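Notes for the structure review
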Protein chains: 2
Amino acid sequence: MGKKISIDDIAKSLGVSKTLVSLVLNDKADKHGISPDTQKKVRDKVKELNYQPNVLARGFRLGKTNTIGVLVSDISNRFYSRIARSIEDLAWSHGYTVIICSTDEDLNKESEQIRLLRDRKLDGLIISTSQDSAEPFNKLVDSGLPHVLIDRTFEGMRSPSVSVDNFAGGRLAARHLLHQGYRKIAVIGITPDHISTINDRITGFQSALAEEGVIIPPQWIIKTPFGEMDNTIKGKLQQFYQAGAMPEAIFTLNNNLTSACMLNLRKLSIDIPGQVAIMGFDDVSFFSFTRPSISVIAQPIERISEVAFDLLLRQIEGSKISEKEKSVKLPVDIIIRESTIKS
Amino acid sequence: MGKKISIDDIAKSLGVSKTLVSLVLNDKADKHGISPDTQKKVRDKVKELNYQPNVLARGFRLGKTNTIGVLVSDISNRFYSRIARSIEDLAWSHGYTVIICSTDEDLNKESEQIRLLRDRKLDGLIISTSQDSAEPFNKLVDSGLPHVLIDRTFEGMRSPSVSVDNFAGGRLAARHLLHQGYRKIAVIGITPDHISTINDRITGFQSALAEEGVIIPPQWIIKTPFGEMDNTIKGKLQQFYQAGAMPEAIFTLNNNLTSACMLNLRKLSIDIPGQVAIMGFDDVSFFSFTRPSISVIAQPIERISEVAFDLLLRQIEGSKISEKEKSVKLPVDIIIRESTIKS
DNA sequence: AAATTTTGCTAAATCGTTTTAGTTTTTCCT
DNA sequence: AGGAAAAACTAAAACGATTTAGCAAAATTT
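This structure is a prediction, so every number in the text was calculated from the model and none was measured. (Residues numbered from 1 in each chain as written. Chains lettered and ligands numbered in written order. Predicted model: local features only at pLDDT ≥ 70, side-chain atom pairs only at ≥ 80, totals over all residues. Heavy atoms only, no water.)

With respect to empty space enclosed by the protein
- A complete count under the given rule lists eight cavities of 30 Å³ or more for this structure.
- When its volume is computed, the largest cavity comes out at roughly 240 Å³.
- L56(A), T65(A), L56(B), T65(B) and T67(B) are, among the 18 residues lining the largest cavity, the residues nearest its centre.
- Grouping the amino acids of the lining of the largest cavity by side-chain chemistry returns eight nonpolar, six polar and four charged. (1 Å grid on protein atoms, 1.4 Å probe; cavity = no way out; pocket = protein on both sides within 12 Å on 5 of 7 lines; lining within 4 Å. Points joined across faces, edges and corners; volume = space filled by probe spheres on them. Nonpolar A, V, L, I, M, F, W, Y, C, P; charged D, E, K, R; others polar.)

Below is the structure:
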């Protein structure tokens, strides 16, 4: 295997200084008046010896690593894995590598991971946060580490963010359910209480219901801890069922909740949408071939990734981001399938 | 924000050499006879100044980064995202960070990524490969980069590998379908032709069928390129349908194929399992609540990850791996649900 | 008391790159 | 010819850690 070729080897074998080689390799040769002849000689030698720069040495010197981090609560959640996949492709095509971290909705684990990634001198971070306030990110802004928040945001935050119009999504879902004649409706989200996406979806949902005079009783606004989803849902559904007080429809606020809800309704042999209708948030390909297929509010995953990566890249490259662009809100779509249509 | 504290700052503020500080920090102080008093002083100061070592500088010096790479064909495929998630947790608990790369079943992209990760001096790689021969990995063994192949392997490979007993999985599937009375059976896998998992599943499947005198006609062994799945399956199913020559059962060789197949059968309004039974490979939580729920051969995802990570860590730490442990084959389970049971 | 060993510590080299601050040589101008 | 300007290149420092080789003082042995 032999030893690795360094910039010094190139320089020595050509009888020039390593400064010169470095300049050529970094496209700064013209600026420094290195003659075209010499430049060619260097480039040829680089090819001949198959020189590969030591990424670590360069990162050390420059404090830059051409690596970005993506933090999400759980990479095995389909929504996040698709986001991660899109970002990975974009990053790759721009010469960046991606480190993915799952935070398990754990605020401390997230902070710890951010600290670690910062120590590694990552160039930037794309984060779907589990924090309970904007404060850590305002600090992050001050510290100068480029980053973009996706999915979840906070009021009064100074970090750039990309999210969807969750409020509008909630409204769309509500109007559709109302239109189908459902009035007794439950909502299932996740704790903790500060997750902006969940809250916006709920308030949007409630606002549209209220316009028709429909109010959701508090015990029908269910929130389950991440990791307890299945149990909580099973428990609640059983409770409703035994009490003979089933809602006519359920709005589940992310794709895992939708899946868990479907699964447990089936276990109880409750007919969908005959006995209970299901409206989900986040589309997943298989929702179209479950029986019944599932109506959802769909997020533009590719677009979220594109905008977020663009925003991050521009920060890394040092361009200012105007206030207007800083907080992007993308539209959502409603996809109506069988789970909300009374036959 | 201030400047970063370096080891030199600690040394100066204490009036000792940075050698000493470094030794203390790396737990080599006792070996070098540094007095307990001094050690304590150093550790206290480190806390006081909140010193964080520069990971890059250390990586540069040591040629080690405490980072491992995970290469899979597509991180948004549920099977791989769960594998990645498990590995991430294991790595994290051992002080390692994970870089995930999707190779798109592209042999060249994979090689390129391995090169890049190697340049970054990653400590090791866990790979579900898209290569068409063992040769690149035998080279990788020679080059001394620790790595473990998962999922897919080759005959006569010198790299450690963890896979499941795909042949047995194929047999299980076949015996179940035979037992249910199906004889005219199709198989859907992916190209290219050298993917060991696909081939083993098919040969296992065929071997068990053959014992009962059942032969699959060649045109019923379908292979689709990655990325063309949906189209290929749609086309083939339509063709069978219009020719009035539907198989009685279909064995789909990974979870995406199963999904795509379900989706297209629904579009054609073909009843499952009434007209066609479906047997999948790889379990995904929602296969239990589709209607019909889907019978599958399930792989032990956590176990694959654990064994692979253990094998990798031991290589990184320099211990030899015996020939016996080098090629681990884990058992699979059959989960029988509705999609293969005639009502 | 001199020689040896042990204890506790440090100076300096090293890793591979980038960059600052020049130097040397050639060309041009008057 | 003498001085200024331009062209082409380079020496050495810097980044922050680890490690090799070894020094000085104290303790122990002879």
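Some words on the interface of chain B and chain A
- Contact residues are listed per partner, giving 51 residues for chain B and 51 residues for chain A.
- Buried surface at the junction of chain B and chain A, both sides included, amounts to about 5000 Å², of which 57% is carbon and sulfur.
- In terms of surface lost to chain A, no three residues of chain B exceed L56(B), R266(B) and F289(B), which account for 16% of the buried area on that side.
- Counting across the interface, chain B meets chain A through eight salt bridges.
- E338(B) serves as the salt-bridge partner of R266(A), at 3.3 Å between the closest nitrogen and oxygen.
- Taken together, the elements giving at least two residues each to the side of chain B that touches chain A come down to α4 (55-62), α5 (78-93), β2 (97-102), α6 (107-119), α7 (135-143) and α11 (255-267) of chain B.
- The greatest single-element share of the side of chain B that touches chain A, amounting to seven residues, is contributed by α5(B).
- Looking at the side of chain B that touches chain A residue by residue, the class counts come to 16 nonpolar, 17 polar and 18 charged. (Contact = heavy atoms within 4.5 Å. Buried area = accessible area lost by both parts, 1.4 Å probe. Salt bridge = Lys/Arg side-chain N within 4 Å of Asp/Glu carboxyl O. Helix = DSSP H or I, 4+ residues; strand = E, 2+ residues; numbered from the N terminus.)

A few points about the sheet that holds strand β6 (residues 185-190) of chain A
Residue and element names in this part refer to chain A.
- What the six strands build is an open sheet, ordered β7-β6-β8-β9-β10-β12; its pairing is mixed. Two strands in the sheet have a free side with no partner beyond their single neighbour: β7 (221-224) and β12 (333-335). Each strand of the sheet is rotated relative to its neighbour by a mean of 20 degrees, with strand direction disregarded.
- Each of β6, β7, β8 (249-252) and β9 (277-281) is contacted by helix α9 (residues 196-211), which is oriented at about 165 degrees to β6, the strand it contacts most.
- Across the face of the sheet, helix α11 (residues 255-267) comes into contact with β6, β7, β8 and β9 while running at roughly 160 degrees to β9. (Pairing = 2+ DSSP bridges. Axes fitted to C-alpha atoms, helices over the stretch in contact; angles between N-to-C directions.)

A closer look at the relation of the copies chain B and chain A
- When chain B is fitted to chain A, the residual RMSD is 0.0 Å, and the transformation amounts to a turn of 180 degrees plus an axial shift of 0.0 Å. In the structure described here, the two chain copies are related by an operation that fits a two-fold rotation axis.
- Interface overlap between copies is the fraction of interface residues in one copy that are interface residues in the other; for chain B against chain A it reaches 100%, indicating a shared surface. (Least-squares fit on C-alpha atoms with pLDDT ≥ 70 in both.)

A look at the protein's contact with DNA strand D
- Neighbouring DNA strand D are 27 residues; T19(A), I7(B), S22(B), K28(B) and R61(B) lie closest to it.
- If you look at DNA strand D and keep only atoms within 4 Å of the protein, 52% of those are sugar or phosphate atoms.
- Take S17(A): an N or O atom from its main chain is 3.0 Å from a phosphate oxygen of DNA strand D.
- A distance of 2.7 Å separates a phosphate oxygen of DNA strand D from a polar atom in the side chain of S22(B).
- Of all elements in the fold, only α2 (18-25) and α4 (55-62) of chain A together with α2 (18-25) and α4 of chain B reach the threshold of two or more residues within the surface near DNA strand D. (Near = heavy atom within 4 Å. Polar contact = N/O pair within 3.5 Å; in protein donor to acceptor, adjacent residues only side chain to side chain.)

Examining α4(B)
- Backbone nitrogen of L56(B) and a side-chain oxygen of the N-cap are separated by 2.8 Å at the start of α4(B); the cap is N54(B).
- Just downstream of α4(B), G63(B) is the residue with a positive phi angle, here 65 degrees.

What to know about the packing of aromatic side chains
- Enumeration according to the criterion identifies 12 aromatic pairs over all chains in this entry.
- For the pair F286(A) and F287(A), a centre-to-centre distance of 4.9 Å together with 75 degrees between the ring planes defines the contact as edge-to-face.
- You can call F287(A) buried: its relative accessible area is 0%.
- Here W220(B) and F240(B) contribute two aromatic rings whose centre-to-centre distance is 6.0 Å and whose plane-to-plane angle is 70 degrees, an arrangement assigned as edge-to-face. On the criterion of sequence distance, the pair formed by W220(B) in the loop between α9 (196-211) and β7 (221-224) and F240(B) in helix α10 (residues 229-242) is long-range, its members being 20 residues apart. Of the two residues, W220(B) and F240(B), neither departs from the other in class, the shared state being buried.
- Of the aromatic side chains, those joined through ring pairs into one cluster are F286(A), F287(A), F286(B) and F287(B).
- A cation over a ring is seen here: R201(A) above F281(A), with NZ or CZ 3.7 Å from the ring centre.
- Over the aromatic face of Y182(A) sits the side chain of K342(A), whose NZ or CZ is 4.7 Å from the ring centroid. (Phe/Tyr/Trp six-rings, centres within 6.5 Å; stacked < 30°, edge-to-face > 60°. Buried < 20%, exposed > 50% of the residue type's maximum accessible area, 1.4 Å probe, protein only. Lys NZ or Arg CZ within 6 Å of the ring centre and 35° of its normal.)

Quick word on the domain arrangement of chain A
- You can read the domains of chain A as domain 1 (7-53), domain 2 (65-163 + 301-330) and domain 3 (166-299 + 334-340).
- Just the C-alpha atoms count here: the centres of domain 1 of chain A and domain 2 of chain A sit 37 Å apart. (Domains from an automatic or database assignment.)

Things to note about α6(B)
- For α6(B), with 13 residues, the first-to-last C-alpha span of 19 Å sits near the 18 Å given by 1.5 Å per residue.
- For α6(B), the complete set of buried residues consists of K109(B), E110(B), Q113(B), I114(B), L117(B) and D119(B).
- As for α6(B), its buried residues are in contact with α4 and α5 (78-93) of chain A together with β1 (67-72), β2, β3 (124-127) and α7 of chain B.
- Taking the backbone nitrogen of N108(B) as reference, a side-chain oxygen 2.8 Å away marks D106(B) as the first, capping residue of α6(B).
- K121(B) sits one or two positions beyond α6(B) and adopts a positive phi of about 60 degrees. (Expected span 1.5 Å × (residues − 1).)

Section: the pattern of salt bridges
- Taken as a whole and assessed by the stated rule, the structure comprises 50 salt bridges over all chains.
- Residue R85(A) pairs with D89(A) through a salt bridge whose shortest N-O separation is 3.3 Å. Taken together, the residues span about one helical turn, with R85(A) and D89(A) both in helix α5 at a distance of four residues.
- For R85(A), a relative accessible area of 9% gives the class buried.
- Beyond isolated ion pairs, a larger network of salt bridges with shared partners links D74(A), D104(A), K109(A), R85(B), E88(B) and D89(B).

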